[in-house]
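Observations on the three-dimensional arrangement
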Amino acid sequence: MGYLFGPVLSRRLGLSMGVDLLKYKTCNLDCVYCELGRTACKTSCRDRFVPRQKVLKEIELRRGEPFDHLTFAGSGEPTLSLDLGEIVARAKEIIDSPVAVITNSTLLSNPAVRKEVAAADVVLPSLDAASQTAFLAINRPASGLLAAEMIAGLKDFRKEFSGEIWLEVMLVRGMNDQEAELIARAAESTEPDRIQLNTVVRPPAEPVQALSEEEMQRMLEIFPGAELIPDWDWSVPARIRDRLLDHLFGRPCTLEEISRHLEIDGSDAIKYCKILEKDSLISRRLHSGKLYFHAIDKSINND
Ligand code: SF4
């Protein structure tokens, strides 16, 4: 069984190599918007779910591969793993890329967890609720978890962690959008480096609704300085698509070269490559430790 996945193209983390320390789907929340579906194992008990040595061996095997972050995420809440701190620390000795941890923030009230997570370079916590009522509605936590303790944990973590904190707020119609101002105040009080607003864009666990693009734009007034994660225009402009495919027929390119050649932002290069890969118009291969994208010659495939 593999514990690493990817690298996947992530607009927040670039080329992200995922590490999954959990059994599917182990979490202390059961968020209504979760793209993994309902939580199969809802627990707040930290445990060992996968063989630590095998995970470390896999990380060793991927050493030298090009990716922008090694990201602890996957099929549940990574801080539930008692191996997180040790594997993050060992991973940092093995690979050169920065290490990221994605967490739902609930266990940051635990000093031992904060210490383990603080071994990472970038931490991406979530905060979807400021009141216990909204926390229960949107995140459906395991018993005993309190929104106030989660916020206090985020504040303590900020005091102890000097790396980057990118706080994500998922906004769901009728669940937490009414308390956006409260969440904004709570988010600011935790002093993250970035606040990233999201809404439901992938198939959710429950039939909940996203905020519209206009509503999300208005949220930027409530969360001053925040960024929007979702991208409503999920297409490649024809002009860019033709130039990109033309270029990639000539020679394979890295993401950096694509961004430079087309004079586009790195996150747009990732987005366009994601779409063209999904449409089977381009493919990737690893060569001399670098990841190259190349156009697929359909005429050869159809022979
Ligand atoms: S915290 Fe993450 S994995 Fe857990 S239920 Fe929520 S979205 Fe899903």
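In this text, all values refer to a predicted model and were calculated from it rather than measured experimentally. (Residues numbered from 1 in each chain as written. Predicted model: local features only at pLDDT ≥ 70, side-chain atom pairs only at ≥ 80, totals over all residues. Heavy atoms only, no water.)

1. Some words on the sheet that holds strand S8 (residues 164-171)
The condition is simple: Two strands pair if DSSP finds at least two bridges between them. In DSSP terms, a helix is any run of H or I states spanning at least four residues, a strand is any run of E spanning at least two, and both are numbered starting from the N terminus.
Taken together, the eight strands give an open sheet; going across it, the order is S1-S2-S5-S6-S7-S8-S9-S10, and neighbouring strands pair in mixed fashion. Each of the sheet's edge strands pairs with one partner strand only, and the pair in question is strand S1 (4-10) and strand S10 (227-228). In terms of strand pairing, S8 meets strand S9 (residues 194-199) through six bridges, oriented parallel. If you follow Trp-166 over to S9, its bridge partner there is Arg-194.

2. Some thoughts on the packing of helix H9 (residues 255-262) against helix H10 (residues 266-278)
Put simply, the rule reads: Only the contacting stretch of a helix is used when fitting its axis, a line to C-alpha atoms as for every element, and angles between N-to-C directions run 0 to 180 degrees. Orientation categories follow fixed angle ranges, with anything under 35 degrees roughly parallel, anything over 145 roughly antiparallel, 65 to 115 roughly perpendicular, and all other angles oblique. By the convention used here, residues are in contact when the closest approach between their heavy atoms is within 4.5 Å. Amino acid classes used here: Ala, Val, Leu, Ile, Met, Phe, Trp, Tyr, Cys and Pro are nonpolar; Asp, Glu, Lys and Arg are charged; the rest, including Gly, are polar.
Here H9 crosses H10 at 110°, and the two axes come no closer than 9 Å. Of the possible angle classes, the one that applies to H9 and H10 is roughly perpendicular. Contact with H9, carried on its side by Leu-255, Ile-258 and Ser-259, involves Gly-266, Ala-269, Ile-270 and Cys-273 of H10 and no other residues of that element. Along the lines of polarity and charge, the residues of the contact of H9 with H10 split into five nonpolar, two polar and no charged.

3. Some words on the pairing of strand S11 (residues 282-287)
Sheet topology note: the S11/strand S12 (residues 290-295) ladder contains six bridges and is antiparallel. Paired with Ser-283 across the strands is His-294, a residue of S12. Hairpin geometry of S11 and S12 is characterised by an intervening segment of two residues between the two adjacent antiparallel strands and by a positive phi of about 50° at Ser-288.

4. Details of the pairing of S9
Heads up, the rule is: Relative accessibility decides the category of a residue: with a 1.4 Å probe and only protein chains considered, values under 20% of the type maximum give buried, values over 50% give exposed, and everything between is partly exposed. When the strands point away from the viewer and the connection leading from the first strand across the helix to the second strand turns clockwise, the crossover is called right-handed.
Judged by how many residues are buried, S9 sits mostly within the fold: five of six residues are covered. Running through helix H6 (residues 180-189), the crossover from S8 to the neighbouring parallel element S9 is right-handed. You can see the chain leave S9, run along helix H7 (residues 213-222) and come back into S10, and the turn it takes is right-handed.

5. Focus: the environment of Glu-58
Tracing the chain through its elements places Glu-58 in helix H1 (residues 52-61). Looking at Glu-58, the relative accessible area reads 17%, which means it is buried.

6. Considering the pattern of salt bridges
Stated formally: Salt bridges are defined as contacts in which a side-chain nitrogen from Lys or Arg sits within 4 Å of a carboxyl oxygen from Asp or Glu.
Within the structure shown, the criterion is met by 25 salt bridges. Between Glu-65 and Arg-62 there is a salt bridge; the shortest N-O distance is 2.8 Å. Through salt bridges with shared partners, a single ionic network connects Arg-11, Asp-231, Asp-268 and Lys-271.

7. Description of helix H4 (residues 132-139)
Worth spelling out the cut-off: Comment: arc refers to directions from the helix axis out to C-beta atoms.
Of all the residues in H4, the buried ones are Ala-134, Phe-135, Ile-138 and Asn-139. For H4, the buried positions fall inside an angular range of 105° around the axis, keeping them on one side. Buried residues in H4 make contact with helix H5 (147-160) and S8. Looking one or two residues beyond H4, the residue adopting positive phi is Arg-140, at roughly 40°.

8. Remarks on the nonpolar core
Note the cut-off: The definition of a nonpolar core used throughout is a set of buried Ala, Val, Leu, Ile, Met, Phe, Trp, Tyr and Cys residues joined through side-chain atoms within 4.5 Å. Residue ranges assigned to the domains are those given by an automatic or database domain assignment.
With 92 residues, the main nonpolar core has Ile-59, Leu-70, Phe-72, Leu-197, Phe-223, Ile-258 and Phe-293 as its most contacted residues. For this core, the leading source of residues is H10, giving six residues. The two domains that each donate at least three residues to this core are domain 1 (4-228) and domain 2 (238-301). Once you skip the residues sitting within four places of it in the chain, Phe-72 turns out to touch Val-19, Leu-21, Pro-78, Leu-84, Ile-87, Val-88, Ala-91, Val-99, Ala-100, Val-101 and Ile-102.

9. Some words on the domain arrangement of the chain
The criterion, for reference: Accessible-area loss on putting two parts together, using a 1.4 Å probe and summing over both, is the definition of buried area adopted here. Distance and chemistry together define a polar contact, namely a pair of N or O atoms within 3.5 Å, with one atom able to donate a hydrogen and the other to accept it when in protein, and with adjacent residues in sequence counting only for side-chain atoms on both sides.
In terms of domain boundaries, the chain breaks down into domain 1 (4-228) and domain 2 (238-301). The C-alpha-based centres of domain 1 and domain 2 are spaced at 30 Å. Taken residue by residue, the interface counts nine residues in domain 1 and 14 residues in domain 2. Carbon and sulfur atoms supply 65% of the area that domain 1 and domain 2 bury against each other, a total of about 950 Å² over both sides. Interface area lost by domain 1 to domain 2 is led by Leu-9, Arg-11 and Pro-66, which between them contribute 67%. For the interface between domain 1 and domain 2, the tally reads one salt bridge. Its salt-bridge partner being Asp-268, residue Arg-11 comes within 3.1 Å of it at the nearest N-O pair. For the pair domain 1 and domain 2, the interface holds four residue pairs in polar contact (both at pLDDT 80 or more). Every element with two or more residues in the side of domain 1 that touches domain 2 is listed here: S1 and strand S2 (14-19). Here the residues of the side of domain 1 that touches domain 2 are counted per class, giving four nonpolar, three polar and two charged.

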